[in-house]
Amino acid sequence: AVKTRGETLLLTSTDAHVMRFVGSPLVFAFERVGTQCGVAGPNAAVAVNGTVAWMGNDARFYAYNGVVQNIPCDIEDWVESEFNKVKQTEVYCGTLAEQSEVWWFFPANDGETKYAVWNYKQNIWYIGELDRTAWLDRGVWGHPVAVSSDGYLYLQENGNTDSGVTRAASIYAKAGYMEIGSGDNIMDVLQILPDEQTSGNVNVTIKTRFVPNGTEYTYGPYTVRSDGYTDTRAAGRQASITIQAVDDADWRVGTYRADVKASGAR
């Protein structure tokens, strides 16, 4: 049961109901508002900004704000492939209101704990691996508090390392594959131009493919120049850019631009 605006959402393993106060003589009224949207476990749902969000036992994500709907999710295939449904009751959901985020920590098939994060303000997703079994958003402590499986308490969003262990090599932002037109032409990526929002120390790697299921070729990493274009040399019908941190510091990126030249269909 999750309390939301003027009603309580009741989630079962198969569907969703709402309970509303209606006064005498019945006091409460119940209405089924969704089917085939069962919650993964007792801690897999949370209320935020008048919306209830939860992870379903089908590895999909749902939201209720008057109606039940699927949350558009770019990482749905990854979650489904990683999610250990045998241990689905271990899913824990928490909020990071300062960043407009909902976090789901779920058991993975490799025995580790993975996470999926939904930024509901920008409607984007992040993924990663972090051993957390409980989460409480910031309050009197000033930072969110989380618990790991070994019983340690952590102040989240505090510093740039994982309890003193560097995170530089594992923090990145990756774009989906892009192509020219219908993908017939090979493109040469000659230069990239970071915008004025880039800060911190990052490098860029370009990955290309000549066919969707073909070999992936890696170019770089290239050190990003802050004074203008960064020279690159990459070729393929599809190209993807990965921006990666190289040290433990704050960094952010805006919109990258690239100098791309079509070089024919072969």
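As shown above, the structure is provided for reference.
Residues numbered from 1 in each chain as written. Predicted model: local features only at pLDDT ≥ 70, side-chain atom pairs only at ≥ 80, totals over all residues. Heavy atoms only, no water.

Caption draft 1: Local environment of the overall build of the protein chain. For the protein chain, the helix and strand inventory stands at one helix and 22 strands. Oriented by its inertia axes, the alpha-carbon framework of the protein chain measures out at about 75 × 45 × 35 Å. For the protein chain, the residues scored as buried account for 39% of the 266 residues in total. Across the protein chain, the fraction of contacts at a sequence separation of at least 24, relative to all contacts at a separation of at least 6, is 53%. Accessible area for the protein chain stands at about 15100 Å²; split by element, carbon and sulfur atoms hold 47% of it. (Helix = DSSP H or I, 4+ residues; strand = E, 2+ residues; numbered from the N terminus. Buried < 20%, exposed > 50% of the residue type's maximum accessible area, 1.4 Å probe, protein only. Contact = heavy atoms within 4.5 Å. Areas by Shrake-Rupley, 256 points an atom, 1.4 Å probe, with all protein chains shown as cover.)

Caption draft 2: Up close: the packing of aromatic side chains. Within this structure, the stated rule accounts for 15 aromatic pairs. On the basis of an interplanar angle of 20° and a centroid distance of 5.3 Å, the ring pair of Trp103 and Trp135 is categorised as stacked. With Trp103 in strand E10 (residues 101-107) and Trp135 in strand E13 (residues 134-136), this residue pair connects regions lying 32 residues apart in the sequence. The two residues Trp103 and Trp135 agree in class, both being buried. Between Phe210 and Tyr217, the aromatic rings sit 5.9 Å apart at their centres with planes inclined by 80°, giving edge-to-face as the arrangement. (Phe/Tyr/Trp six-rings, centres within 6.5 Å; stacked < 30°, edge-to-face > 60°.)

Caption draft 3: Main features of the sheet that holds strand E7 (residues 61-64). Read across the sheet, four strands follow the order E5-E6-E7-E8 without closing on themselves; strand pairing throughout is antiparallel. The sheet is open, and its two edges are formed by strand E5 (45-48) and strand E8 (68-70), each paired on a single side. Taking each pair of neighbouring strands and ignoring which way they run, the sheet shows an average axis angle of 25°. Bridge count between strand E6 (residues 51-55) and E7: four bridges; the pairing is antiparallel. Note that in E7 the partner of Met55 across the bridge is Phe61. (Pairing = 2+ DSSP bridges. Axes fitted to C-alpha atoms, helices over the stretch in contact; angles between N-to-C directions.)

Caption draft 4: Structural context of the environment of Thr161. Looking at the element boundaries, Thr161 is found in the loop between strand E15 (153-155) and strand E16 (172-174). Taking the relative accessible area as the measure of exposure, Thr161 reaches 36% and is therefore partly exposed. A C-alpha to C-alpha distance of 8.6 Å links Thr161 and Ala249, two positions 88 residues apart in sequence. A distance of 3.1 Å separates a polar atom in the side chain of Thr161 from the backbone nitrogen of Gly164. (Polar contact = N/O pair within 3.5 Å; in protein donor to acceptor, adjacent residues only side chain to side chain.)

Caption draft 5: Layout of the pairing of E7. Neither face of E7 is exposed, since Phe61 and Ala63 on one face and Tyr62 and Tyr64 on the opposite face are all buried. Counting the residues in the hairpin turn of E6 and E7 gives five residues, including Ala59, whose phi is positive at 70°. Count of turn residues in the E7/E8 antiparallel hairpin: three residues, of which Gly66 carries a positive phi of about 115°.

Caption draft 6: Local environment of unusual backbone geometry. Here the amide bond leading from Ser24 into Pro25 is cis, since omega sits at 0°, within 30 degrees of zero. Turning to its location among the elements, Pro25 is positioned in the loop between strand E3 (15-23) and strand E4 (27-35). Residue Pro221 is reached from Gly220 by a cis peptide bond, and omega for that bond is 10°. Take Pro221: it is sitting in strand E19 (residues 217-223).

Caption draft 7: Main features of the pattern of salt bridges. Per the stated rule, a full pass over the model turns up seven salt bridges. As a salt-bridge pair, Arg20 and Glu7 come within 2.7 Å of each other at their nearest N and O atoms. Highlighted residues: Arg20 in strand E3 and Glu7 in strand E2 (residues 7-11), separated in sequence by 13 residues. A residue is classified by how much of its surface remains accessible, and Arg20, at 30% relative accessible area, is partly exposed. You can call Glu7 buried: its relative accessible area is 13%. Look at the salt bridges and you will find they share partners, linking Glu7, Arg20 and Glu31 into a network. (Salt bridge = Lys/Arg side-chain N within 4 Å of Asp/Glu carboxyl O.)

Treat this as a map of the structure, not an account of what it does.
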